[in-house]
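Observations on chain architecture
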Amino acid sequence: LHRVFKKTSGNGGLTLYLGKRDYVDHVDKVDRVDGVVKLDPADFGDRKVFVQLACAFRYGSDDLDVMGLCFRKDIWMQQTQLYPNGEKPALSAMHDTLLKKAGDNAHPFSFEIPNNLPCSVSLQPGPDDKGKACGVDFEIKTYLAKEKNNPDEKIEKKDTARLVIRKIQYAPSQVGAGPKADICKSFMMSDKPVHLEASMEKDLYFHGEAIPIKIKIKNESNKTVKKIKISVDQTTDIVLYSADKYTKCVLNQEFGETVDSNGSFDNTLTITPLLADNKEKRGLALDGRLKDEDTNLASTTMLRQGVEKEVLGILVSYKIKINLMVAGGGDVTLELPLNLMHPKPEGIFLPCRA
């Protein structure tokens, strides 16, 4: 274990320890969350210590709460009592390490994250936005309370310690065949059409990886193809609280190749969509970020059969548009789907996708 993450409550009585903050969704299961809370019960009185893991959708800063309106909606929550008479999980190697680090009066806990929950996603704030970003996040919280679930009991901030964690998904070890599409379009004042065909070598690319697109053009018309434009659109579908669906362009690249009347083009053009080129776009979906850490464009949401879309909070998808700009007006446009994900680090096993 190279690093221990910890957070102490304002009253000093609770210290939360975690050995990692990224938990991998392995498709059939998710990494178990093992942690430890160190207690100093001098000022607890008749209050008990609880720890909870919550997956929530945040669609506004806590600072904006007015008139009792809630800007956070829980998707899933699990909690357990630690003190007194707390439940004791089977100890893992992570527990052993954290217990040694925390010392005396430390209490272990474990949570199983269901595999039908969304991965962590945040929506890019605007330059003047403050507070936590909108999106789906996971949070471990330990706190003092008299009762386990009493909505009328106010829990003081000083009696709470919390850490945000991420649920992440890596690309499967085996990728599929790439998409392919073609179109034939005729124009006024021209007897013959323009043929466009586009294809990719595989169905999934990694963040930051160059994406080669093979393009074939057969121009039988009497018009000239002036240039080729390739764009990448990210569609964010917020399914949890409304039918809020919007699309933002994350790449728009022009290529100066021309195809004269009765000419042809057969070549590969390469694009690389990056967050670095989209830092000012408010509402762009990003992979969930931890405080002061950088991130990237959101990974494609991989839907499982039988999972309710509403449970997933935010769905992210991408498509590539190939556009031929034709002299005299008129375009020829094709679309290809794009999956963007992170490569699996060495030493982590993920089942292959069929």
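Residues numbered from 1 in each chain as written. Predicted model: local features only at pLDDT ≥ 70, side-chain atom pairs only at ≥ 80, totals over all residues. Heavy atoms only, no water.

The protein chain has the name Arrestin-C in an unreviewed UniProt entry, where Haplochromis burtoni is given as its organism. Comment text from UniProt for the protein chain, heading Function (unreviewed entry), reads "May play a role in an as yet undefined retina-specific signal transduction. Could bind to photoactivated-phosphorylated red/green opsins." Listed in UniProt under the heading Sequence similarities (unreviewed entry), the comment for the protein chain reads: "Belongs to the arrestin family." (UniProt positions renumbered as here; feature names shortened; annotations may be inferred.)

The next point concerns the pairing of strand β5 (residues 48-58). Burial within β5 is extensive, with ten of its eleven residues counted as buried. Of the strand pairs in this sheet, β5 and strand β9 (residues 135-145) are connected by eleven bridges, and their pairing is antiparallel. Bridging across to β9, A54 finds its partner in E139. Pairing geometry for β5 and strand β6 (residues 72-83), over ten bridges, is antiparallel. Opposite R58, over in β6, you have R72 as the bridge partner. (Buried < 20%, exposed > 50% of the residue type's maximum accessible area, 1.4 Å probe, protein only. Helix = DSSP H or I, 4+ residues; strand = E, 2+ residues; numbered from the N terminus. Pairing = 2+ DSSP bridges.)

Attention shifts here to the packing of aromatic side chains. For the structure on display, the rule yields three aromatic pairs. An angle of 70° between the planes, with centres 5.8 Å apart, marks the rings of F44 and Y83 as edge-to-face. Note that F44 is positioned in the loop between β4 (33-39) and β5 and Y83 in strand β6, a separation of 39 residues in sequence. Given the relative accessible area of 26%, Y83 is considered partly exposed. Residue placement shows K141 over the ring face of Y143; its charged tip is 5.1 Å from the ring centre. Sitting over the face of the ring of F206, K202 holds its NZ or CZ atom 5.5 Å from the ring centroid. (Phe/Tyr/Trp six-rings, centres within 6.5 Å; stacked < 30°, edge-to-face > 60°. Lys NZ or Arg CZ within 6 Å of the ring centre and 35° of its normal.)

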